[in-house]
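# Summary of structural features
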Number of protein chains: 2
Amino acid sequence: MAASEIDHDAPTPVYRQIAALIIADIESGLLVVNRKIPSEAALVQRFGVARETARHAVGYLREEGYVFTVPQRGSYVADRSAKSK
Amino acid sequence: MAASEIDHDAPTPVYRQIAALIIADIESGLLVVNRKIPSEAALVQRFGVARETARHAVGYLREEGYVFTVPQRGSYVADRSAKSK
DNA sequence: TTATATTTGTCCGTATGTATG
DNA sequence: ACATACATACGGACAAATATA
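Quick caveat, the model's predicted, so the values are computed rather than measured.

This part takes up the overall build of chain A. Secondary structure summary: chain A contains three helices and two strands in total. Taken from the N to the C terminus, the helices and strands of chain A come in the order α-α-α-β-β. Here the C-alpha atoms of chain A give a radius of gyration of 12 Å, agreeing with the 12 Å that 2.2 N^0.38 yields for 85 residues. If one aligns the C-alpha atoms of chain A with their principal axes, the spans along those axes are about 35 × 25 × 20 Å. In chain A, the share of contacts with a sequence separation of at least 24, taken over all contacts with a separation of at least 6, comes to 51%.

Written as structure tokens, this is what we have:
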């Protein structure tokens, strides 16, 4: 996993590409429920993007119900198995 | 490639001339599927035309199925090989 | 207690690109 | 050619809460 996975010229926005990669990590079991996902700073480092882009990706994951965020602590993988949506 | 390729006195509308040149770039492989075509601003600069003319050219390419446009991102070369039309 | 590092929250501004009038 | 608006992306800065030493 590196910045090489990100294509800035692709039709899909960068933040969505990052979100898709994190979702893949969740669904593959690499990221576990109630455990932290990489911090914004880590995503910045790992994908070579601006912090706002990393935040946008996490915000998207939160909107989609994949993660929940605890201020000043981090974002955690949500339990979607028992969720109605 | 420059403004010299455009003939304002020709029977063919300028936007169609520009579209033809972009189609030529697509068919020659210079522009690749799912990759961005030059932005409107770039076309304005390159062909020495008004922005609306550049937009008209892109709109024509879109109608003809040569490109698809993603709002706020850009226009991309479409994959016509597997298309029914 | 103090200090430092981490992490999210919230602003600022700049640039690009399309959408619309 | 101009103005406005929105979405995306980058860069920087500071605050607040938390964790650790």
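Moving on: the pairing of strand β1 (residues 67-70) of chain A. All names here are of chain A. Inspection of the sheet shows β1 paired to strand β2 (residues 74-77) by four bridges, in the antiparallel sense. Following the sheet pairing, V67 is matched in β2 by V77. Linking two consecutive strands that pair antiparallel, namely β1 and β2, is a turn of three residues; a positive phi of about 65° is found at Q72 within it.

With that settled, consider the protein's contact with DNA strand C. Around DNA strand C, the surrounding shell holds 21 residues, and the nearest of these are E40, R51 and Q72 of chain A together with R51 and Q72 of chain B. Q72 of chain A places a polar side-chain atom, nitrogen or oxygen, 2.5 Å from a base oxygen of DNA strand C. One nitrogen or oxygen atom from the main chain of E40 of chain B is found 3.1 Å from a phosphate oxygen belonging to DNA strand C. If you list the elements that add at least two residues to the surface near DNA strand C, you get α3 (51-63) and β2 of chain A together with α3 (51-63) and β2 (74-77) of chain B. Grouping the amino acids of the surface near DNA strand C by side-chain chemistry returns two nonpolar, 10 polar and nine charged.

A few words on the interface of chain B and chain A. Each partner contributes residues to the interface: chain B has seven residues there, and chain A has seven residues. For the chain B and chain A pair, buried surface summed over both sides reaches about 540 Å², with 46% attributable to carbon and sulfur atoms. Of all residues in chain B, R35, K36 and R73 of chain B bury the most surface against chain A, accounting for 71% of the area lost on that side. The interface formed by chain B and chain A includes two salt bridges.

The UniProt feature table records "domain: HTH gntR-type" (unreviewed entry) at residues 12-80 of chain A. The span residues 12-80 of chain A carries 51% helix and 12% strand; its end-to-end C-alpha distance comes to 25 Å.

A volume near 310 Å³ is recorded for the largest pocket. Elements that contribute at least two residues to the lining of the largest pocket include exactly α2 (40-47), α3, β1 and β2 of chain A. Looking at the lining of the largest pocket, the element that brings in the most residues is α3 of chain A, giving four residues. Split by residue class, the lining of the largest pocket holds six nonpolar, six polar and five charged. Put simply, the second largest pocket is a space of about 260 Å³. What lines the second largest pocket is a set of 16 residues, and nearest its centre among them are E40, R55, T69, G74 and S75 of chain B. Of all elements in the fold, only α3, β1 (67-70) and β2 of chain B reach the threshold of two or more residues within the lining of the second largest pocket. Tallied by class, the residues present in the lining of the second largest pocket amount to five nonpolar, six polar and five charged.

Residue and element names in this part refer to chain A. According to the stated counting rule, one finds eight salt bridges over all chains in the structure shown. Where E40 meets R55, a salt bridge forms, and the shortest distance between an N and an O atom there is 2.7 Å. One end of the pair, E40, is in helix α2; the other, R55, is in helix α3, with 15 residues separating them in the sequence. Assessed through its relative accessible area of 21%, E40 is described here as partly exposed.

Basis of the calculations
Residues numbered from 1 in each chain as written. Chains lettered and ligands numbered in written order. Predicted model: local features only at pLDDT ≥ 70, side-chain atom pairs only at ≥ 80, totals over all residues. Heavy atoms only, no water. Helix = DSSP H or I, 4+ residues; strand = E, 2+ residues; numbered from the N terminus. Rg over C-alpha atoms; globule rule 2.2 N^0.38 Å. Contact = heavy atoms within 4.5 Å. Pairing = 2+ DSSP bridges. Near = heavy atom within 4 Å. Polar contact = N/O pair within 3.5 Å; in protein donor to acceptor, adjacent residues only side chain to side chain. Nonpolar A, V, L, I, M, F, W, Y, C, P; charged D, E, K, R; others polar. Buried area = accessible area lost by both parts, 1.4 Å probe. Salt bridge = Lys/Arg side-chain N within 4 Å of Asp/Glu carboxyl O. UniProt positions renumbered as here; feature names shortened; annotations may be inferred. 1 Å grid on protein atoms, 1.4 Å probe; cavity = no way out; pocket = protein on both sides within 12 Å on 5 of 7 lines; lining within 4 Å. Points joined across faces, edges and corners; volume = space filled by probe spheres on them. Buried < 20%, exposed > 50% of the residue type's maximum accessible area, 1.4 Å probe, protein only.

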